[in-house]
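Observations on chain architecture
In case you want the letters, here they are:
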Amino acid sequence: MRKANDKSLKDAIEQMLNVYKIKRRFDETAVVAAWPELVGKPVANRTRELFIRDKKLFLRIESSVIKNELMMMRAQIMDKINEKANMVLVEEVIFL
């Protein structure tokens, strides 16, 4: 029998992330983990560095051809990431 103040595990974790103010960092880490799913394995294998800081996605790509393609697809990459996170997580893509 459930009590009135019982919460689902999902709600409890969500509340904990908000209380400790680490939800944004958690979402950023989830996007980094999902990078191969977002851009495909061939591109992910050529990605040497990937991190998010201050709503900016920083990428280091070893192939200049892939880097050029990704530069032209910045808007689509940001849309995919923000859609996956269900919030505006990335506003800019910067290539290192």
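Summary of the structure given here. (Residues numbered from 1 in each chain as written. Predicted model: local features only at pLDDT ≥ 70, side-chain atom pairs only at ≥ 80, totals over all residues. Heavy atoms only, no water.)

A word on the overall build of the protein
- Along the backbone of the protein there are six helices and three strands.
- Going residue by residue from the N terminus, the α and β elements of the protein occur as α-α-α-α-β-β-α-α-β.
- The globule rule puts the C-alpha radius of gyration for 96 residues at 12 Å, and the 17 Å found for the protein is more than 25% above it.
- Principal-axis analysis of the C-alpha atoms gives the protein an extent of 60 × 25 × 20 Å. (Helix = DSSP H or I, 4+ residues; strand = E, 2+ residues; numbered from the N terminus. Rg over C-alpha atoms; globule rule 2.2 N^0.38 Å.)

Let's talk about the nonpolar core
- Ranked by internal contacts, the top residues of the largest apolar core, which has 20 residues, are Trp35, Leu57, Leu59, Ile81 and Val90.
- When residues of this core are traced back to their parent elements, those giving at least two are helix 3 (35–39), helix 4 (41–46), strand 1 (47–53), strand 2 (56–61), helix 5 (64–72), helix 6 (74–85) and strand 3 (92–95).
- When residues of this core are assigned to their parent elements, the largest contribution, four residues, is made by helix 6. (Core = buried A, V, L, I, M, F, W, Y, C linked by side-chain atoms within 4.5 Å. Buried < 20%, exposed > 50% of the residue type's maximum accessible area, 1.4 Å probe, protein only.)

A short note on the packing of aromatic side chains
- In total, this model carries one aromatic pair according to the counting rule given.
- Summarising the aromatic geometry, the rings of phenylalanine 51 and phenylalanine 58 are spaced 4.9 Å apart at their centres and angled 15° between planes, so their arrangement reads as stacked.
- Given a relative accessible area of 23%, phenylalanine 51 falls into the partly exposed group.
- Here phenylalanine 58 falls in the buried class, since its relative accessible area comes to 16%. (Phe/Tyr/Trp six-rings, centres within 6.5 Å; stacked < 30°, edge-to-face > 60°.)

Focus on the pairing of strand 1
- Both strand 1 and strand 2 contribute to a ladder of six bridges, which runs antiparallel. Residue pairing for strand 2: phenylalanine 51 is matched across the bridge by phenylalanine 58.
- Hairpin connection from strand 1 to strand 2: two residues lie between these consecutive antiparallel strands, with aspartate 54 at a positive phi of about 55°. (Pairing = 2+ DSSP bridges.)

A look at the sheet that holds strand 3
- Ordered by their spatial adjacency, three strands build an open sheet running 1-2-3, and the pairing between neighbours is mixed. A strand with exactly one partner marks an edge of an open sheet, and here the two such strands are strand 1 and strand 3. Going from strand to strand, the sheet's axes swing by 20° on average, the running direction of each strand aside.
- Contacts between helix 6 and the sheet are confined to strand 2 and strand 3, with strand 3 contributing the most and set at about 120° to the helix. (Axes fitted to C-alpha atoms, helices over the stretch in contact; angles between N-to-C directions. Contact = heavy atoms within 4.5 Å.)

Some words on the pattern of salt bridges
- Applying the stated criterion to the full structure yields seven salt bridges.
- A salt bridge links lysine 23 to aspartate 27; the shortest N-O distance between them is 3.2 Å. Of this pair, lysine 23 and aspartate 27 both sit in helix 2 (residues 23–33), four residues apart, which is roughly one turn of the helix.
- The class of lysine 23 is partly exposed, set by a relative accessible area of 23%.
- Taking the relative accessible area as the measure of exposure, aspartate 27 reaches 10% and is therefore buried.
- When the shortest N-O distance is used, the salt bridge between arginine 48 and glutamate 62 registers 2.7 Å. (Salt bridge = Lys/Arg side-chain N within 4 Å of Asp/Glu carboxyl O.)

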